[in-house]
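# Fold and contact review
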Amino acid sequence: MSAATGALRQVRVADVCAHGVVVGGELLGVGRPTNAPVVAVDLVTAPNVLGTLLTESGVAVLNLETYSGPGDGQYLIDVLMRRAQAARASMVLVVGSATPVSAATRLLAITLQLPTLIAPRGSTAVNLVVELRAFVSAPDLEASKALLRLVRGLRSDPGTLASILPMVSTSLGGANVYAVTAEGVLLEGVPEFTNAPEVVSYASTARLEGDSFGALLLPVPGLTGAISLWLVAERAQVGRVWLDTAESALALASGHVLAWLARQQAAIDRDARLSSALLTEIIEHPDSIPRSIAETAIHAGWNLSGWHTGIHFRTRHGTSMSALSVQTLSRQISSAGLPVNPLVERTDGWSTWLTSVTEPGPDFARKLARTIELGVLPPAVDGGIAVGIGSPKRHVRGIAVTLAEARQAAVIAASSTKPFPIRVIQELGPSRLLLGWYSSSAFADYASEMLGPLLGTGDTELIRTLEAYLERACSTAQTARALGLHRNTVLQRITRAERILGTTLAAADTRLALQLALRVNRMSSED
């Protein structure tokens, strides 16, 4: 029988394998579903395996539910596969196979390169054929039904992200759906096949098709027009029809997500203004806080009495984080078992503090740093985030002191080349003496003058190599390992840097001056 045209949109083998009635089945013969067209679905019963006319570019569905002949019917699968190949059918679908497919049948499927799908247990041939015939003849109608159910659900829902995403998942056949901010911070759901950094690396709607999965990535613009968050739908088996439907479903949901985002943003901005005003009052008047301010702070969930340990988060490229990312970061800190006060925006980042009734032990801040390192996933902002931790201080006055220490520690941490550096104020030692230099405009000018010839080359790799070399006590081997270079390459670059700067690294004073100048230059460029 010759192939026929039918649907406005061509269904492919990959689309059939992604249909809800067969998801979970076992695919033989090919590593992944093909894009061969499908125009018909033929039902083949065991007695008529040789007599049923097969459609070119069709799906041959073998019903073994009621098979009672000799053996387990495996040979019938082999016969139908050979007939399907001869008829140029697109795939074979087996329903009701009671035993695992034999090695010989698997090998035959590979030899013929014919997609052969063993339907999930519990499937019925009649229901499967009816569903697939409707899908093949009118895929747009099937997609429209799913989208209509989604629209009805969204209309009846109050519109929280936690309720919107499950409805999208249901409309897409149980796909995994999650949301991530523009900075790569997870808001809702958990990635299964993709990851947040990969998602935010795109600039517009993207379709990902791997060997074992497919995903649709849709950006949601915020009130300013810039991307505020991403919606992602992913599944193990997908086809073009599913990807088209996923894009439509996420687009439908994006309007409700945007409304939720606006409500969240308004609430967060209101809380941020209140928190900033409260902290300013506490820092400026630690010994005479008005009763109304103290009551407001307590109602906001702040702990003012006891022992306080400050924590400060600082971005290293002057990059701002969205309010949603800050909120998610706060939630991650709490999930790590740290009952901190709300994050408060400062001029150079965000501050919070942890309160305890009794005086913490001498190693408390170090343990706190370790907990943050292991339990908090830093937002994927440009340049990363640096964290500073102050020492435990008592009463309201102690809040201002420990937060100031945390900010100092964060400045030192930001000078590190690590992606997520954390420094504790008690461990800074002589580094605290450098704080004045890092913030001094005079030294910044001196650093620019000293590094001028090197910066003038525009060779960022040369500058990066020199900085890494000085940070590692001028060890060629350690620098090579850290940068993934050959030792000779490191030596050549250092020699070139010395020639450009007109100096030698043999003198300790020169090494120190250059190291500080490079740190100040990096911090200045980040700010």
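Coordinates for the structure precede this section.
Residues numbered from 1 in each chain as written. Predicted model: local features only at pLDDT ≥ 70, side-chain atom pairs only at ≥ 80, totals over all residues. Heavy atoms only, no water.

### Digging into the pairing of strand E13 (residues 307–315)
With nine of nine residues buried, E13 is to be regarded as a mostly interior element. A two-sided burial pattern is seen for E13, the buried positions comprising Trp307, Thr309, Ile311, Phe313 and Thr315 on one face and His308, Gly310, His312 and Arg314 on the other. Where E13 meets strand E17 (residues 393–394), two bridges bridge the pair, whose relative direction is antiparallel. When the sheet's bridge partners are listed, Trp307 is paired in E17 with Arg394. Pairing geometry for E13 and strand E16 (residues 385–389), over five bridges, is antiparallel. Looking at the pairing, Arg314 lines up with Ala386 of E16. (Buried < 20%, exposed > 50% of the residue type's maximum accessible area, 1.4 Å probe, protein only. Helix = DSSP H or I, 4+ residues; strand = E, 2+ residues; numbered from the N terminus. Pairing = 2+ DSSP bridges.)

### Comments concerning the sheet that holds strand E11 (residues 214–221)
What the five strands build is an open sheet, ordered E9-E8-E12-E11-E10; its pairing is antiparallel. Each edge of the sheet is formed by a strand with only one pairing partner; in this case those strands are strand E9 (186–188) and strand E10 (206–209). Within the sheet, the average angular offset between the axes of one strand and its neighbour, ignoring direction, is 25°. Running at roughly 140° to strand E8 (residues 176–181), helix H6 (residues 161–171) makes contact with E8, E9 and strand E12 (227–235) of the sheet. (Axes fitted to C-alpha atoms, helices over the stretch in contact; angles between N-to-C directions. Contact = heavy atoms within 4.5 Å.)

### A few points about the environment of Gly24
Along the chain, the position of Gly24 falls in the loop between helix H1 (13–17) and strand E2 (26–28). Along the primary structure Gly24 and Gln237 are separated by 213 residues, whereas in three dimensions their C-alpha atoms are 8.9 Å apart. Residues in contact with Gly24, not counting those within four places in the same chain, are Pro120 and Gln237.

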